[in-house]
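Structural overview for review
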Amino acid sequence: MELEETLLPGVGVRYQLRTRSGQLLGIVVQREGGAEIAVFDRRDPDRARETFRLDPEEVDAVAEVLGAPRLTQRFADLSREVPGLESGRITVRPGSPFAGRTLGDTRARTLTGCSVVAIVRGADVVPSPSPGDPLSAGDVLVAIGSAAGLEQLDRRLAGQA
């Protein structure tokens, strides 16, 4: 599958892809955060059969549904390949002693043996975060480690360890 990206000055970015089943999709991500998704007619690729308009909040919701689970699934696939390695999604809950602090302050790797491989914040993903990356309530940390280490990390982020 090939994804074509075209800059639309003053508008945003247009993405076009043909699915394995042959369906042509066009997605325009607007500078203001909204998006338009078009499904083109198979017989006439210049004619949109259907167009969906999404406001910025709807775009964020769709991105969260499609982005975070896919990232987590990739790490879940990896963990099946390596015995004893698991992946998990751990939420920084409101009231966590680490909300408003940096990832390094958690000492996740040192104290739990887990590596945080991404921070998911709404529709945004911070891949391979550094110790200096800030944490906020509601962030989801994608981590890999042992089952016991992931449980320890969850308790630590909740202020229980």
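Structure: see above.
Structural notes, computed from the coordinates. Please read these numbers as outputs of a predicted model, since none were measured by experiment.

To continue, consider the sheet that holds strand E2 (residues 12-18). What the 5 strands build is an open sheet, ordered E1-E2-E3-E4-E5; its pairing is antiparallel. Every other strand in the sheet has two partners, leaving strand E1 (3-8) and strand E5 (48-54) as the edge strands with one partner each. Here the average twist between neighbouring strands, direction ignored, is 15°. The pairing of strand E4 (residues 35-40) with E5 spans 6 bridges and is classified as antiparallel. By the bridge assignment for E5, Phe40 is matched with Ala48.

Attention now goes to the pairing of E1. Summarising the sheet, E1 and E2 pair through 6 bridges and their orientation is antiparallel. Paired with Glu5 across the two strands is Tyr15, which belongs to E2. Once E1 ends, the chain turns through 3 residues before running back antiparallel as E2, passing Gly10 with a positive phi of about 80°.

Taken in spatial order, the 4 strands make up an open sheet running E6-E9-E7-E8, and their pairing is antiparallel. At either margin of the open sheet sits one strand with a lone partner, and together these are strand E6 (86-91) and strand E8 (124-127). The sheet shows a mean angle of 20° between the axes of neighbouring strands, taken without regard to direction. Note: strand E7 (residues 115-121) against E8, 4 bridges, orientation antiparallel. Directly across from Ala118, in E8, lies its bridge partner Pro127. In this fold helix H4 (residues 147-157) packs onto E6, E7 and strand E9 (140-145), with an angle of close to 10° to the strand it touches most, E6.

Next up on the list: a negative patch on the surface. Together, Asp55, Glu57, Glu58, Asp60, Glu64 and Asp124 make up a negatively charged patch on the protein surface. Broken down by element, the residue count for the negative patch peaks at 4 residues, all from helix H1 (residues 56-81). Examined against the element boundaries, Glu58 turns out to sit in helix H1. With relative accessibility at 37%, the residue Glu58 sits in the partly exposed group.

The rules behind the values
- Residues numbered from 1 in each chain as written.
- Predicted model: local features only at pLDDT ≥ 70, side-chain atom pairs only at ≥ 80, totals over all residues.
- Heavy atoms only, no water.
- Pairing = 2+ DSSP bridges.
- Helix = DSSP H or I, 4+ residues; strand = E, 2+ residues; numbered from the N terminus.
- Axes fitted to C-alpha atoms, helices over the stretch in contact; angles between N-to-C directions.
- Contact = heavy atoms within 4.5 Å.
- Patch = residues over 30% accessible without salt bridge, like charges linked within 9 Å, V, L, I, M, F, W, Y side chains within 5 Å.
- Areas by Shrake-Rupley, 256 points an atom, 1.4 Å probe, with all protein chains shown as cover.
- Salt bridge = Lys/Arg side-chain N within 4 Å of Asp/Glu carboxyl O.
- Lys, Arg positive; Asp, Glu negative; His and termini not counted.
- Charge placed at Lys NZ, Arg CZ, Asp CG, Glu CD.
- Buried < 20%, exposed > 50% of the residue type's maximum accessible area, 1.4 Å probe, protein only.

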